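# Coordinates in review
Here is how the chains run, residue by residue.
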Amino acid sequence: MNIVCYGLQWGDEGKGKVTTYLSREFDYVVRYSGGSNAGHTVNYGEFKLVHHLVPSFDIRGNTKAYIANGVVVDLDVLIKEIEEIKKIGFDVYDRINISSLTHIVLPVHKMLDEKLEIAKGEKAVGTTKRGIGPAYADKVHRIGLRLVDLFDKETALEKLKFISKMYKNLYGIEWDDYEILFENFEKLSKLIVPPLEMKEEFKNVNVLFEGTQGVLLDIDMGSYPYVTGSYCNTTGVESGLGFPIKIDKRIGVFKAYVTRVGEGPFPTELFGEEAEKIRIAGREFGATTGRPRRCGWLDLPILRYAIETSGCDEMIMTKADILSGLEKVKVGIRYLSNGRKFEIPNDISMIDKVTVEYIEFNGWKNLEDDNFAKFVDFIERETGLKIAYISTGEKIDDIRKV
Ligand code: IMO
Ligand code: MG
């Protein structure tokens, strides 16, 4: 049984915690897109982990992990993360494999990410500055460096010098300090495998694909240009793997409200005190950059759009506990645009010009409250999908099957 667990909003839906919980039933957790822009905080109770590149598998169990070639890897970040886990007492080195075709995020990518954002001025995307966009761009420019290139130092040096020359000529960015890259490669070389080896391996095991970001940050189907550089939608699984695979179920994760980091449209956004209340209660600060996340009410048109776009089979709701104690909880149910009503945006680019119609719910004291059950029923009815699990708190096991 192969499942994809992914985000139905603008990222940070709680995918990391949920994936870790589900991972115990799987042989592998696979990352198929994104890079160290992802920030998944997983609270094990006795310790907390923040994953950027290590897939969200339960480090206490036997599940293995694979980083497929749809991911762009910052070797430094990956090694530091594995070493952090080792400090806690778990050696996960031999439980991780990485595709040999994976592109490497280089220091020049981070420098260019920063420079592009400055050059864009008020049109800046608000990226995580982790070099994600430039690394994917170089893949497409066909000047990227892949893990497989590092097995032959001489060829790798030749490629690196060429990249340096390109960056100097095109962007005025200078970099020629390659040694750390080779040192990092030494530490990881045993983990690198050709994709077809994994194809064979995946024939007889259960695989959980872990989404990063969310459908609305997908390079094509998201709120372009305020998106990330990869196919973080479920459609990215096969391209990220490099070979077809049968997916049995697509489980979308959504928050009971909405957050977004960085720029771009956000129809149900809250400001001032109302936003601050949710931000503080939900600890809505970026796990990667520490930036305060923008907060707003649950947006059903957007959720329906993400469900349709990703082929969602069932959903998991997170962070409804954060709203406990509010007198009223609102949900955006449809958009108004040019005198017309939309239950779902016909084109995602319309969302920066819409007015939102809301429905108001009586708040709940806790998740056992009838008012909360009404909220859940309403979302299921409005989306036509079952909410299979509800996360009830921060820790991995704070979750109930519905
Ligand atoms: P997880 O996996 C939330 C956002 C950035 C920015 C835009 C582009 O934790 O859900 P990038 O650095 O990718 O070029 O930035 O995408 N972004 C995220 N927002 N959660 C994430 O990951 C994100 N990864 C990127 O804030 O708006
Ligand atoms: Mg996150």
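Not measured: the values here are computed from a predicted model.

Turning our eyes to something else, we now look at the coordination of the magnesium ion (ligand 2). Six octahedrally arranged donors around a metal ideally form angles of 90 or 180 degrees; four tetrahedrally arranged donors ideally form angles of 109.5 degrees. Every protein donor of the magnesium ion (ligand 2) is listed here as Asp12 (OD) and Gly39 (O), and their distances to the metal cover 2.0 to 2.2 Å. Note that Asp12 is positioned in the loop between strand S1 (2-7) and helix H1 (15-23) and Gly39 in the loop between strand S2 (28-31) and strand S3 (40-43), a separation of 27 residues in sequence.

Further remarks concern the packing of helix H3 (residues 107-120) against helix H4 (residues 132-141). Here H3 crosses H4 at 115°, and the two axes come no closer than 7 Å. Relative to H4, H3 is oriented roughly perpendicular. Helix-helix and strand crossings are classified by hand; for H3 and H4 the assignment is right-handed. Facing His109, Leu112, Asp113 and Leu116 of H3, the residues of H4 in contact are Ile132, Pro134, Ala135 and Asp138. Across the contact of H3 with H4, the residue classes break down as 5 nonpolar, 1 polar and 2 charged.

How large an interface is tends to be reported as the accessible area lost when its parts come together. On domain assignment, one finds that the protein chain holds domain 1 (2-100 + 192-248), domain 2 (103-186) and domain 3 (251-401). With centres defined by C-alpha atoms, the gap from domain 2 to domain 3 works out at 36 Å. Each side of the interface is counted separately: domain 2 has 6 residues, and domain 3 has 5 residues. Approximately 380 Å² of surface area, both sides summed, lies buried where domain 2 meets domain 3, with 47% of it carried by carbon and sulfur atoms. For domain 2, the biggest contributors to the area lost against domain 3 are Gly126, Thr128 and Arg130; these three give 68% of the whole. Counting every contact that joins domain 2 to domain 3 gives 0 salt bridges. If you look at where domain 2 meets domain 3, you find 3 residue pairs in polar contact (both at pLDDT 80 or more). Looking at side-chain class alone, the side of domain 2 that touches domain 3 contains 2 nonpolar, 3 polar and 1 charged residues.

Considering the arrangement of structural elements, one finds Lys246 in the loop between helix H8 (236-241) and strand S11 (249-255). Given a relative accessible area of 58%, Lys246 falls into the exposed group. Polar side-chain contacts of Lys246 include one of 2.6 Å to the side chain of Asp248.

Taken together, 10 strands build an open sheet; the order of strands is S9-S7-S5-S2-S10-S1-S11-S14-S18-S19 and the sheet is mixed. Of all strands in the sheet, those bounded by a partner on one side alone are strand S9 (192-193) and strand S19 (399-401). Where S2 and strand S5 (residues 64-67) come together, 4 bridges link them in parallel fashion. Across the sheet, the residue bridging to Val30 is Tyr66, located in S5. Sheet strands touched by helix H11 (residues 370-383): S11, strand S14 (314-318), strand S18 (387-391) and S19. Its angle to S14, the strand with the most contacts, is close to 145°.

Calculation rules
- Residues numbered from 1 in each chain as written.
- Chains lettered and ligands numbered in written order.
- Predicted model: local features only at pLDDT ≥ 70, side-chain atom pairs only at ≥ 80, totals over all residues.
- Heavy atoms only, no water.
- Donors = N, O, S within 2.8 Å, 3.2 Å for Na, K, Ca; no water.
- Helix = DSSP H or I, 4+ residues; strand = E, 2+ residues; numbered from the N terminus.
- Axes fitted to C-alpha atoms, helices over the stretch in contact; angles between N-to-C directions.
- Parallel < 35°, antiparallel > 145°, perpendicular 65-115°, else oblique.
- Left-handed = near helix turned anticlockwise from the far one by under 90°.
- Contact = heavy atoms within 4.5 Å.
- Nonpolar A, V, L, I, M, F, W, Y, C, P; charged D, E, K, R; others polar.
- Domains from an automatic or database assignment.
- Buried area = accessible area lost by both parts, 1.4 Å probe.
- Salt bridge = Lys/Arg side-chain N within 4 Å of Asp/Glu carboxyl O.
- Polar contact = N/O pair within 3.5 Å; in protein donor to acceptor, adjacent residues only side chain to side chain.
- Buried < 20%, exposed > 50% of the residue type's maximum accessible area, 1.4 Å probe, protein only.
- Pairing = 2+ DSSP bridges.

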